[in-house]
2 protein chains.
Amino acid sequence: MKETTIEEQQDFVKDITKMSDDFDRWYTDVVRKAEMADWSGVRGMMVVRPYGWAMWENITRAFDDMIKESGHENWAFPLLIPQELLVKEAAHIEGFGPEVAWVTKAGAAMEELEEPLAVRPTSETIIGHLIRRYIQSHRDLPKLTNQWNSVVRWEMRSRLFLRSREFWWQEGHTFHASAQEAIDEAELILGYYRSIAEDWLAVPVFSGKKSRAETFPGAEHTLTLEGLMRDGMALQMGTSHYFGQNFARAYDISFSNKDNEKELCYSTSWGISTRLVGALVMAHGDDSGLVVPPRVAPIQVVIVPIYRDADGRAKVEAFIGGWTPELKAAGIRHRVDWRDERPGDKYAHWELKGVPLRLNVGARDADAAQVEMVDRLSRQRVSVPVSGIAQRLRDELDAFQKKLFDRAHEFRKENTYELSTLDEVVAHFKERGGFVWVPWSGDAECEERAKAEAGGVTIRTLDDEEKPSGECFVCGKPAKHRVSLAKAY
Amino acid sequence: MKETTIEEQQDFVKDITKMSDDFDRWYTDVVRKAEMADWSGVRGMMVVRPYGWAMWENITRAFDDMIKESGHENWAFPLLIPQELLVKEAAHIEGFGPEVAWVTKAGAAMEELEEPLAVRPTSETIIGHLIRRYIQSHRDLPKLTNQWNSVVRWEMRSRLFLRSREFWWQEGHTFHASAQEAIDEAELILGYYRSIAEDWLAVPVFSGKKSRAETFPGAEHTLTLEGLMRDGMALQMGTSHYFGQNFARAYDISFSNKDNEKELCYSTSWGISTRLVGALVMAHGDDSGLVVPPRVAPIQVVIVPIYRDADGRAKVEAFIGGWTPELKAAGIRHRVDWRDERPGDKYAHWELKGVPLRLNVGARDADAAQVEMVDRLSRQRVSVPVSGIAQRLRDELDAFQKKLFDRAHEFRKENTYELSTLDEVVAHFKERGGFVWVPWSGDAECEERAKAEAGGVTIRTLDDEEKPSGECFVCGKPAKHRVSLAKAY
């Protein structure tokens, strides 16, 4: 393996800004150079390339399995929504009105439509409108609907995966016969989201209710997951809303209950989006590029053949062909990189793309019936016998997944603080990011004042589990909640 | 099982028009009453309900596996396409211009956009525009792109699943370094489509090239699959187009070849859509409703518990709970119908929904450790021991899938004719539908004349396999092709 020693000692960084120099540019460089996504030329709209899309597909598959297991069903509701429906609920149009793209003309002569149609910014209005048909009695409940689609919001700022005029998501909308059942549903989904974040994306999250000010328009309460990115900013990774009967009231969604009385449904909605792909970049990446959690990695293991001539290649090829079928049978997503490049360039390429495990395979390895394994986190080389290689790689991938989570968890621990006063909070966020836990009175005024004085910091989660102690960090009154503060994307 | 004998002897038809009375109404009744789809209230746009959507999901999963296995990759291209791109290729805008919905306003004040954006009627223009970035050298080829999405076409006529202003599909667009490779690609995909139609949907198809007049705008040739519906009309079930360099010329998509010379790419495109869900309804349904092929059936086996009182229910429930885990482990999609309805009504419900196998399970069955199995095609009752039930049901489902295909194949055979003259063809289509094979000169005039005189009949496929013999059915000149004629959706 001597021929590649020099390249391996380098850090394989090429063309990407260092994270410590400029996090934003680093992020964009990584997303683009790792071939995840680009701007499309249509202003504010992304093109998601196969490497990025495959990560999203892996997330969708995992979540779709979870919700189907608990009786949720996928629907396809229309892309275009009549203006009349969109303006039906005041809170809704207030929230989304400014971001809507309108279809006003159609057909051969670009004729004006009688009523403009919104390209859905979310489907809740059309779902609210349509679901009424399918709900008469309590026997029709719960209705647990979900849709995978893309939505359009006319954002002015943009950032690949995090904020763009079109993004891909799932939107769940459920309707229930009792408040408790709907509240439980919102919690159930939050649990699934936590599993996606922590078990799949290896990003530890704080979860809990939002403050009133941060609650979704029209909702009784909003549950959220908040992850910590490597620049110290928080990222909201999923939300689950409980609407009480508010939404059903606006769209007149009622059922006849067991006493044969008409009653409004209780509803929830919840969503995760392609923003999660951005989250995994910002939570795990480093100066060499991406580090992709194995469970969502499009390629979990890359094999780099090393040879000098045709004979060497034939030998290595035969050797690799002997055990890759085992990887396939074991469901390990792998690729052999036969491109016409130097091994060192290939190493850099796959490091940038964050593939968890790389196997370097040369003629001597073939003789010894072994491969050289390098993992993306430790970068240590280990010889691995090909006998039993599929099981070994499975174990290594599981260990990698855990190490990645542990590293992120450690990072969050180092960047989570307990403070007591607004002065401390202001001073903290002048110098660093992370999460800051403080006692809070529950008063919106205190929340606003902290936001104004501490450079836009917001309450990310309310921790209802722990009994709050002490006085509000702003007003000094007895605290009602312990809350996490952070600057957020 | 006596308590349900009377209901079982009925044909369980309720509320749906008879197929023989009015095929169109029968179709709409079935689609709606089987809870597959409805009109959404947004003119010409469908809402696809879980039972219909799950069929589409099963189709997408099967096809997605096929194309990934052969190296195709999923992308996400933008929903909105600038007008400038859409009008770039003359043939394209001629084909799609009249059907485009235009976004002209956006944002808070509904401001006019500088340039209208089309809601994609297909993504080929934006893909052509963007793919250029990712193709420099022959080493970047082939580029095998695919996208799952919905598209909007401002259709004036509409029919659930078959023709609507929004439909769901996959669109594949591939770029190659040689003509032969692109031609082979189009053939490869046609083979996959044939497998989806025949192996999954149990619909036998004629496949082959389209005539010039029926070829996709801008394509060198179009390959098609044509299935026969139970009203004798043909339905196009998928198309695969070879563009030569035409598309690459319009969008300037070139690569440097092995001699380091700039050359235009050779391209293909291909698609199947939610229309396939309509196809399975029209190819297999009967007066009782749907008959769903097991491989795409959302529910393959429905279990109807039969009991008179709480004790009976408890007994049956315990019995069923003893072996349903085996079905789950075997991947058999099943449901136990515990709804509060009479068994006979449940039978009718699941017949209408076309579930392949129904298991009636009462207290005596529990005693005898058996179930009563009824299949949707023969409606015969068979006692099946629960020992080894998962394997038995697997076998029954496979047999059902085959029987359904054989039945459709037999139906097509009975409705396929060989004729020689235009007079015969005209007389034929006055009285019946089906496929009619005739020898054809290859002249567009003969094709047009046949269409005009035989009530809109079109050439569905050219059969290149068999040597044509005889004279053109219209002009009497020596035939160049043997072609299938039909009236088509």
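Note that the structure is a prediction, hence the values are computed from the model and not measured. (Residues numbered from 1 in each chain as written. Chains lettered and ligands numbered in written order. Predicted model: local features only at pLDDT ≥ 70, side-chain atom pairs only at ≥ 80, totals over all residues. Heavy atoms only, no water.)

**Q** Sorry, what's going on with the interface of chain B and chain A here?
**A** Interface extent is often summarised as the accessible area lost during association of the parts. Chain B puts 53 residues into the contact, and the matching count from chain A is 53 residues. Of the roughly 4500 Å² buried at the junction of chain B and chain A (both faces included), carbon and sulfur atoms supply 60%. Across the chain B-chain A interface, the total number found is four salt bridges. For the pair chain B and chain A, the interface holds 21 residue pairs in polar contact (both at pLDDT 80 or more). Looking at the side of chain B that touches chain A residue by residue, the class counts come to 33 nonpolar, eight polar and twelve charged. In this sheet, strand β5 (residues 101–106) of chain B lies alongside strand β5 (residues 101–106) of chain A in antiparallel orientation, the contact comprising five bridges. Bridge pairing in β5(B) places Ala101(A) opposite Ala106(B). (Contact = heavy atoms within 4.5 Å. Buried area = accessible area lost by both parts, 1.4 Å probe. Salt bridge = Lys/Arg side-chain N within 4 Å of Asp/Glu carboxyl O. Polar contact = N/O pair within 3.5 Å; in protein donor to acceptor, adjacent residues only side chain to side chain. Nonpolar A, V, L, I, M, F, W, Y, C, P; charged D, E, K, R; others polar. Pairing = 2+ DSSP bridges. Helix = DSSP H or I, 4+ residues; strand = E, 2+ residues; numbered from the N terminus.)

**Q** Mind showing me how you'd approach helix α15 (residues 444–453) of chain A here?
**A** Side chains three or four residues apart in an α-helix point the same way, a direct result of the helix having 3.6 residues per turn. Residues and elements named next belong to chain A. Those residues of α15 lying buried are Cys446, Glu447 and Ala450. All buried residues of α15 fall inside an arc of 100° around its axis, so they share one side. Across α15 from its buried face, at more than 90 degrees, point the exposed residues Glu445, Glu448 and Ala452. Just downstream of α15 lies Gly455, where phi reads positive at about 65°. (Buried < 20%, exposed > 50% of the residue type's maximum accessible area, 1.4 Å probe, protein only. Arc of directions from axis to C-beta.)

**Q** What should I look at first to understand the sheet that holds β5(B) in this one?
**A** Hydrogen bonds between backbone atoms are what pair the strands of a sheet, whose relative direction is either parallel or antiparallel. Strand order in the open sheet formed by six strands is β4(A)-β6(A)-β5(A)-β5(B)-β6(B)-β4(B), with antiparallel pairing between adjacent strands. One side of each edge strand has no neighbouring strand; the edge strands of this open sheet are β4 (80–82) of chain A together with β4 (80–82) of chain B. Strand-to-strand twist in this sheet, taken as the mean axis angle between neighbours without regard to direction, amounts to 45°. (Axes fitted to C-alpha atoms, helices over the stretch in contact; angles between N-to-C directions.)

**Q** Which parts of the structure should I look at to understand the pattern of salt bridges?
**A** A side chain of one charge can pair with a side chain of the opposite charge if their charged atoms are brought near each other. Residue and element names in this part refer to chain A. Considering all chains together, one arrives at 56 salt bridges over all chains under this definition. We note a salt bridge from Asp286 to Arg376, for which the minimum N-O separation is 2.8 Å. Taken together, the residues Asp286 in the loop between α9 (275–284) and β15 (301–305) and Arg376 in the loop between β18 (370–375) and β19 (381–385) connect sequence positions 90 residues apart. The residues Asp286 and Arg376 share a single accessibility class, namely buried. Note that Arg482 is salt-bridged to Asp463, the shortest N-O span being 3.2 Å. Residue Arg482 is found in strand β23 (residues 481–486), and its partner Asp463 is found in strand β22 (residues 458–463); the two are separated by 19 residues along the sequence. Pair check on accessibility: Arg482 and Asp463 agree, each one buried.

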